[in-house]
Amino acid sequence: MKIGICSDHAGVEYKARLIAYLTKKGHEVVNFGTDSTESMDYSDVAHPLAAAVEKGEVERGIALCGTGNGMAMTLNHHQGIRAGLAWNKAVGALVKEHNDANVLVMPARFISYTMATAIVRTWIETEFAGGRHARRIAKIPVK
């Protein structure tokens, strides 16, 4: 799978480690930045990731910031993006199974790296359930 990934300064360490993890698992990973712990604006990396998912340049995306909220809010302003914020494996599974999240967002300051890896693995392995969930997704307005 081709996966795009981005983070702000708060998530840069986890992002680097997740790139290595995903590559080892056989995924192609596209890094949308940042690669520095210097303070920066999450939107500067969220918009390019969202555009790549929308255009089909990557199949899915992963984003990290301090709380995950800024990334999720920015990403979800893009047409065709369903960014789900997850802080444990159960939520990671549900954002895919029920919401067909094409971008996974995680709060780097509130979870361990071990948890982040478990969430990513669960999200990748979980299938969208369809059915009533597809009907609900269809009701999300498109801008």
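Residues numbered from 1 in each chain as written. Predicted model: local features only at pLDDT ≥ 70, side-chain atom pairs only at ≥ 80, totals over all residues. Heavy atoms only, no water.

Visitor: Looking at this model, I keep getting lost on the overall build of the protein. Mind explaining?
Guide: For the protein, the count of helices and strands is 6 helices and 5 strands. Mapped in sequence order, the helices and strands of the protein form the string β-α-β-α-β-α-β-α-β-α-α. Projected onto the principal axes, the alpha-carbon positions of the protein cover approximately 40 × 30 × 25 Å. Counting the 143 residues in the protein, one finds 50% classified as buried. In the protein, once contacts between residues fewer than 6 apart in sequence are set aside, the share between residues at least 24 apart is 70%. (Helix = DSSP H or I, 4+ residues; strand = E, 2+ residues; numbered from the N terminus. Buried < 20%, exposed > 50% of the residue type's maximum accessible area, 1.4 Å probe, protein only. Contact = heavy atoms within 4.5 Å.)

Visitor: Explanation requested: the pairing of strand β5 (residues 103–107) in the structure shown.
Guide: Every regular strand shows the same layout, with side chains that alternate between the two sheet faces. Across the 5 residues that make up β5, a large majority, 5, are buried. Burial along β5 is two-sided: the face carrying V103, V105 and P107 and the face carrying L104 and M106 are both buried. Bridge analysis of strand β3 (residues 60–65) against β5 gives 5 bridges, and the strand direction is parallel. Its bridge partner lying in β5, C65 is registered against P107. (Pairing = 2+ DSSP bridges.)

Visitor: Just to check I follow, could you spell out the side chain of D8 for this structure?
Guide: Of note, D8 is situated in the loop between β1 (2–7) and α1 (12–24). A polar atom in the side chain of D8 sits 2.9 Å from the backbone nitrogen of A10. (Polar contact = N/O pair within 3.5 Å; in protein donor to acceptor, adjacent residues only side chain to side chain.)

Visitor: How should I be thinking about helix α4 (residues 89–97) in this particular structure?
Guide: Think of an α-helix as 3.6 residues a turn; residues three or four steps apart then line up on the same face. Taken as a whole, α4 has its buried residues at V91, G92, A93, V95 and K96. Looking at the buried side of α4, the elements it contacts are β3, β4 (83–85), β5 and α5 (113–125). Of the residues that open α4, the one with a side-chain oxygen 3.1 Å from the backbone nitrogen of A90 is N88.

Visitor: Explain the environment of A86 here, please?
Guide: Mapping A86 onto the fold places it in the loop between β4 and α4. When its relative accessible area of 0% is taken as the criterion, A86 is described as buried. Taking the C-alpha atoms as reference, A86 lies 10 Å from T67; in sequence the two are 19 residues apart. With residues near it in sequence (within four places) discarded, A86 still touches V91, G92, L104, V105, M106, P107 and I119.

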